[in-house]
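Chains, contacts and geometry: an overview
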Amino acid sequence: MGEIEVKYWHEEEERMDPAERKVFQLERLQTTVNRAYRKVDFYRRTFDKLGLKPDVISELADISKLPFTNKQDLRDNYPYGMFAVPLRDIVRIHSSSGTTGKPTVVGYTRNDLENWNNLVARLMTAGGVSKDDIVHVSFTYGLFTGGFGLHYGAETIGASVIPFSSGNTSRQLAIMQDYKSTTLVSTPSYALHIAETMEKMGINRNDLSLKYALLGSEPWGDKIREEVQDKLGVIATDNYGLSELIGPGISGECIYQKGLHINEDFFYPEIIDPLTLKPLPEGEWGELVLTTLKREAMPLLRYRTRDVTRLYREECPCGRTLIKMDKPQGRTDDMLIVNGVNVFPSQVEEALAQVQGVSPHYIIFVRKKGALDSIEIKVEVNEDIFFDEMKKQRELVENLTVQFQKILLLKPKVTLVTSQTLERFEGKAKRVVDERNS
Ligand code: DLL
């Protein structure tokens, strides 16, 4: 990695002295709170009910006096009730899929779009991309923010963008090969799927020109990173965001892969205890809460992301001074409670990483057995394990069970399945089947 040159998109902002950045944050927070109160009925009503005045912020710590905003608030104000500008000033609308309720709608003014493009350009630059790159986008283009978000970020840098969108993996590979794509943009699970399809098609990493993979939109750990890097021959960096706040562009890793740099001059991050709702000090794990600092169309105050991570400051070899967040471990609403024990799917992945011979593909089943919950984890073995050797299989199951017990603090039933039998995903992977209420 030594020869890789560190690049910045907004060097001044990304390397600013944190004390100086705080001055900007405070000014922007005050403006945001004022605008939200004046322009969004929902905030005015909430503030008035609490007897809060919009001038409540005289220092950054005062943010804890503000109420939280939840996904339900966006749903209650569906579709345009959270907008702080008239519709004629909105130039783009995205929304969530709405599979679990009313969709949440997000609007962007022209300035919001410009900021969004630049924030994505920042994280893509941090991940190694430059105007010399050919960027293949495998995110869906549509209401989902992934496709358009990364697309315009790459265009802003001046890279050549191939807007493939999702589906037809063998054709995607042919295009990547012929067009000499240097950068893959997708979910981590889709990057894995591409790697497997390459094997099936007899395509070698040297047949492709890939150098970077910018992966995001779902949790992933080191095992997936290693596989993707090894099989595609790339530096794979993580990037995080959610549509309610902007989409991708909230944070991203640099090529040193030492945590995600948060664009904190645009989003003020806090970590709270999801039960007491009290702010937690830097370094502690909890729920990420974000406040927009520059958004025109839809300012959001203390939005509860439900994502579990921690915030920390440390000197990064890349020179960025932005606060970091750890790779999100999962969502508080994805957390399974199995016989009173909290289980995150990411812990399963962590356990898998400790064991040789298994792939990163798994599914967790939770069932009710009488009064108790039971958990089964189906794990796909690697091709090179001889499935007909009973002894080897038994050892592998024992090995996995020990690791799961150590990390999950409960004993699951472990079932091995042959290579390539679990479902693959083009969008976000679904790894939990909770059959307790069905
Ligand atoms: O997934 C935005 C995005 C697109 C981010 C492309 C990065 C790349 P939503 O569909 O609204 O937006 O889903 C947001 O996905 O609250 C997290 O739970 C999860 N998520 C997103 N990025 C990551 C990540 C986009 N890097 C929800 N690691 C968030 C873990 C992630 N989880």
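Residues numbered from 1 in each chain as written. Predicted model: local features only at pLDDT ≥ 70, side-chain atom pairs only at ≥ 80, totals over all residues. Heavy atoms only, no water.

A closer look at the domain arrangement of the protein
A common measure of how large an interface is: the accessible area buried when the components associate. The following threshold applies: Where each domain starts and ends comes from a domain assignment, either automatic or drawn from a database. In what follows, residue pairs with any heavy atoms lying within 4.5 Å of each other are defined as contacts. The term buried area means the drop in 1.4 Å probe accessible area that two parts suffer when joined, counted for both and summed. By definition, a salt bridge exists where a carboxyl oxygen of Asp or Glu is found within 4 Å of a side-chain nitrogen of Lys or Arg. Pairing of N or O atoms within 3.5 Å defines a polar contact, subject to two protein rules: one partner must be a possible hydrogen donor and the other a possible acceptor, and residues neighboring in sequence count only if both atoms are side-chain atoms. Under the scheme used here, helices are H or I runs from DSSP no shorter than 4 residues and strands are E runs no shorter than 2 residues, and both carry numbers assigned from the N terminus. Side-chain classes follow a simple rule in which Ala, Val, Leu, Ile, Met, Phe, Trp, Tyr, Cys and Pro form the nonpolar group, Asp, Glu, Lys and Arg form the charged group, and the remainder, Gly included, forms the polar group.
Parsing the protein into structural domains produces domain 1 (1–329) and domain 2 (336–434). Between the C-alpha centres of domain 1 and domain 2 there is a distance of 30 Å. The interface of domain 1 with domain 2 comprises 21 residues on the first partner and 18 residues on the second. Of the roughly 1600 Å² buried between domain 1 and domain 2, counting both surfaces, carbon and sulfur atoms make up 50%. Three residues stand out in domain 1 for area buried against domain 2, namely E196, K223 and Q329, and they jointly supply 36% of the buried area on that side. Inspection of the region where domain 1 meets domain 2 yields 1 salt bridge. A salt bridge links E196 to R424, with the nearest nitrogen and oxygen atoms 2.6 Å apart. Seen at the junction of domain 1 and domain 2, the total is 9 residue pairs in polar contact (both at pLDDT 80 or more). Per-element accounting of the side of domain 1 that touches domain 2 gives the leading share, 6 residues, to helix α8 (residues 188–201). In terms of residue class, the side of domain 1 that touches domain 2 is made up of 6 nonpolar, 9 polar and 6 charged.

Some words on the sheet that holds strand β3 (residues 134–137)
To keep things clear, this is the line we draw: When DSSP finds at least two bridges between two strands, those strands are taken to pair. Convention adopted: a line fitted to C-alpha atoms gives each axis, helices being fitted over their contacting stretch, and angles between N-to-C directions are expressed from 0 to 180 degrees.
An order of β4-β3-β5-β6-β7-β8-β9-β14-β13 is seen for the 9 strands of this open sheet, with the pairing classed as mixed. Looking at the sheet topology across the chains shown, the edges are occupied by β4 (160–162) and β13 (311–312). With 3 bridges joining them, β3 and β4 adopt parallel strand pairing. Considered in β4, the bridge of H136 is made with I162. The strands touched by helix α7 (residues 169–179) within the sheet are β3, β4 and β5 (183–186), with β3 carrying the most contacts at an inclination of about 175°.

Focus on the environment of G101
Turning to its location among the elements, G101 is positioned in the loop between β1 (92–95) and β2 (105–108). For the pair formed by G101 and Y268, sequence separation is 167 residues and the distance between their alpha carbons is 27 Å.

Quick word on the packing of aromatic side chains
What counts is decided by this rule: In this scheme Phe, Tyr and Trp rings, the latter by its six-membered ring, pair at centre separations within 6.5 Å, and the angle between planes marks the pair as stacked below 30 degrees, edge-to-face above 60, and tilted otherwise.
One pass over the structure, following the stated rule, counts 7 aromatic pairs. Ring-pair connections join several aromatic residues into one group, and the members of that group are Y141, F148 and Y152.

A short note on the site of the ligand
Which entries qualify depends on this criterion: Consider each residue's heavy atoms; a residue with any of them within 4 Å of a molecule or strand counts as near. Accessibility throughout is a Shrake-Rupley quantity obtained with a 1.4 Å probe, and a residue counts as covered only by protein chains that appear here.
The environment of the ligand is made up of 21 residues, and the closest members are D238, N239, S243, D307 and K428. Contact distances for the ligand include 2.8 Å between a nitrogen atom and a backbone N or O atom of N239. Contacts to the ligand include R331, whose side-chain N or O atom sits 2.9 Å from an oxygen atom. In the complex, 91% of the free accessible area of the ligand, which totals 610 Å², lies under the protein chains. Counting only elements with at least two residues in the shell around the ligand, the list comes to α6 (145–157), β7 (235–242) and β8 (247–253).

Structural notes on helix α5 (residues 110–126)
One turn of the α-helix equals 3.6 residues, which is why residues spaced by three or four share an orientation. We apply this condition: Expected span of a helix: the number of residues minus one, times 1.5 Å.
Its 17 residues place the ends of α5 25 Å apart at the C-alpha level, agreeing with the 24 Å of an ideal helix rising 1.5 Å per residue. Directly after α5, the chain includes G128, whose backbone phi takes a positive value near 110°.

Topic: the packing of α7 against α8
Put simply, the rule reads: Small angles under 35 degrees read as roughly parallel and large ones over 145 as roughly antiparallel, with 65 to 115 read as roughly perpendicular and the rest as oblique.
Put simply, α7 and α8 touch, their axes get as near as 10 Å, and they point 80° apart. The orientation of α7 with respect to α8, classified from their angle, is roughly perpendicular. For the pair formed by α7 and α8, the contact residues are T169, S170, Q172, L173 and M176 on the first element and Y190, H193, I194, T197, M198 and M201 on the second. For the contact of α7 with α8, the class distribution of residues is 6 nonpolar, 5 polar and no charged.

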